Amino acid sequence: MADITSSAAPIKTSRRHWWLAALLSLIAPGLGQVYAGAWKRAIALILALYLPQIPLALVLMLYVIPLWIAGIADAAYLCRREPQQHLRPYQRWYAILPLGIAIVALGDLASNLLPRTSNTKTFHTATLSMLPTLRGGDYFMVRTAPPGQHELRRGEIIVFRAADGRDYVQRLIGLPGDRIQIKDNLVKVNDIQIRHEPTDDMELSADSCADMPGPRYREIWPDKRNYPVCTLPHSSLSDFSAVVTEGEVFVLGDNRVNSADSRTRFIGTPPISSIVGTATYIYWSKDIRRIGNRLD
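The structure presented is a predicted model; accordingly, all values stated were derived computationally and were not measured. (Residues numbered from 1 in each chain as written. Predicted model: local features only at pLDDT ≥ 70, side-chain atom pairs only at ≥ 80, totals over all residues. Heavy atoms only, no water.)

## Details of the sheet that holds strand β10 (residues 195–198)
Next up, step 1: The sheet built from three strands is open, its strands ordered β10-β11-β12 with antiparallel pairing. The open sheet terminates on both sides in strands that have one partner only, identified here as β10 and β12 (226–230). Going across the sheet, the axis of each strand differs from the next one's by a mean of 35 degrees, ignoring polarity.
Next up, step 2: Pairing analysis gives four bridges linking β10 to strand β11 (residues 216–220), with the strands arranged antiparallel. Note that in β11 the partner of Arg-195 across the bridge is Ile-220. (Pairing = 2+ DSSP bridges. Helix = DSSP H or I, 4+ residues; strand = E, 2+ residues; numbered from the N terminus. Axes fitted to C-alpha atoms, helices over the stretch in contact; angles between N-to-C directions.)

In structure tokens, the structure reads:
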């Protein structure tokens, strides 16, 4: 009996390098998976990165970066586990290169659209005017809304754009038509005294008020909204009175001794139309204990 042998040509394979898969994934998420032959994983990774409507800064810190790193590691692992593979058309350089360009373009498009669809923006504190609530270097989220579509509330923290074109963060104290009186650091709105109670809160230690001596207080509104403030018994800004003009608001910094706010000509009473949004929470701080602190 004659021997029967197969005449079929052997399947051609090509070596996949793990380091190249990692490099491609670093350039654009999903490219390493395509190179490794796992196109379904590539699609899942790209969709997971770009579809969720999550605030941009939170995406970067808690979602995109860890997932991107995981994608790099996964692509390298796939090529190390099975370095010799049958070369499919989509694994060739002329297929991977345009795919990478498309992924990068998709990322740019998503980054431009995301802040608009999620109605949030990110800001960071560069001054001492909101001590001790916000410290220098704090990064926080702001809920945005078109002018006139947000119900402003006294006591909340707002971000507004001043005449110099820069964004400022302050505490909203007075609405249009309100009568504001400040005497010895005690604030009255329409003749109603905002409670001003001493506190021994550890968060109000000397360093949180820029090493200024003197007592720390907590202002408490009738609706129970409360927050700490830095004051001195005798400050050049401790006495003030005004009536808020229609279409404008009155703002104060929580650091009442060192704050450019509505008591100064530089800021005055910002127009409602200049309000960018209201602060919601701290998402990054040098003091990790402050991460997640609510501001609304």
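Moving on from the model shown.
## What to know about the nonpolar core
The tendency in soluble globular proteins is for nonpolar side chains to be buried as a group.
Next up, step 1: Counting residues in hydrophobic clusters, the biggest one holds 15 residues, and the most contacted among them are Ala-21, Leu-24, Leu-31, Tyr-35, Cys-79, Ile-96 and Ile-103.
Next up, step 2: Once residues within four sequence positions are removed from consideration, Leu-31 is found in contact with Leu-24, Ile-96, Leu-99, Gly-100 and Ile-103. (Core = buried A, V, L, I, M, F, W, Y, C linked by side-chain atoms within 4.5 Å. Buried < 20%, exposed > 50% of the residue type's maximum accessible area, 1.4 Å probe, protein only. Contact = heavy atoms within 4.5 Å.)

## A word on the side chain of Arg-256
Next up, step 1: Examined against the element boundaries, Arg-256 turns out to sit in the loop between β14 (250–252) and β15 (275–284).
Next up, step 2: A relative accessible area of 2% means that Arg-256 is categorised as buried.
Next up, step 3: A polar atom in the side chain of Arg-256 sits 2.7 Å from the side chain of Glu-219. (Polar contact = N/O pair within 3.5 Å; in protein donor to acceptor, adjacent residues only side chain to side chain.)

## Section: the pairing of strand β4 (residues 139–144)
Next up, step 1: Direction of pairing for strand β3 (residues 120–124) relative to β4: antiparallel, over a ladder of five bridges. Looking at the pairing, Lys-121 lines up with Val-142 of β4.
Next up, step 2: Judged from the six bridges that link them, β4 and β15 form a sheet pairing that is antiparallel. Opposite Val-142, over in β15, you have Ala-279 as the bridge partner.

## With respect to the sheet that holds β15
Next up, step 1: Strand order in the open sheet formed by six strands is β3-β4-β15-β5-β6-β14, and the pairing between neighbours is antiparallel. Whereas interior strands pair on both sides, the edge strands pair on one side only; in this sheet they are β3 and β14. Going across the sheet, the axis of each strand differs from the next one's by a mean of 50 degrees, ignoring polarity.
Next up, step 2: Relative to strand β6 (residues 167–174), strand β5 (residues 157–161) runs antiparallel, the two being bridged by five bridges. Its bridge partner lying in β6, Ile-158 is registered against Gln-170.

## Some thoughts on the confidence of the model for the protein
Next up, step 1: On average, residues of the protein carry a pLDDT of 78, and 75% of them reach 70 or more.
Next up, step 2: Below a pLDDT of 50 lies the segment residues 1–8, which in the model reaches zero contacts outside its immediate sequence neighbourhood of four places, other chains included.
Next up, step 3: Predicted confidence for residues 53–57 stays below pLDDT 50, and this span has 14 contacts to residues more than four positions away or in other chains. (pLDDT = per-residue confidence, 0-100.)

## Re the pattern of salt bridges
Next up, step 1: Following the criterion strictly, the structure yields 13 salt bridges and no others.
Next up, step 2: The partner of Arg-153 in a salt bridge is Glu-156, with the nearest N and O atoms 3.8 Å apart.
Next up, step 3: Judged by relative accessible area, which is 39%, Arg-153 ranks as partly exposed.
Next up, step 4: For Glu-197, the salt bridge is made with Arg-195, and the minimal N-O distance between the two is 2.4 Å.
Next up, step 5: A relative accessible area of 32% places Glu-197 in the partly exposed class.
Next up, step 6: Within this structure, Arg-135, Asp-287 and Arg-289 form a network of salt bridges that share partners. (Salt bridge = Lys/Arg side-chain N within 4 Å of Asp/Glu carboxyl O.)

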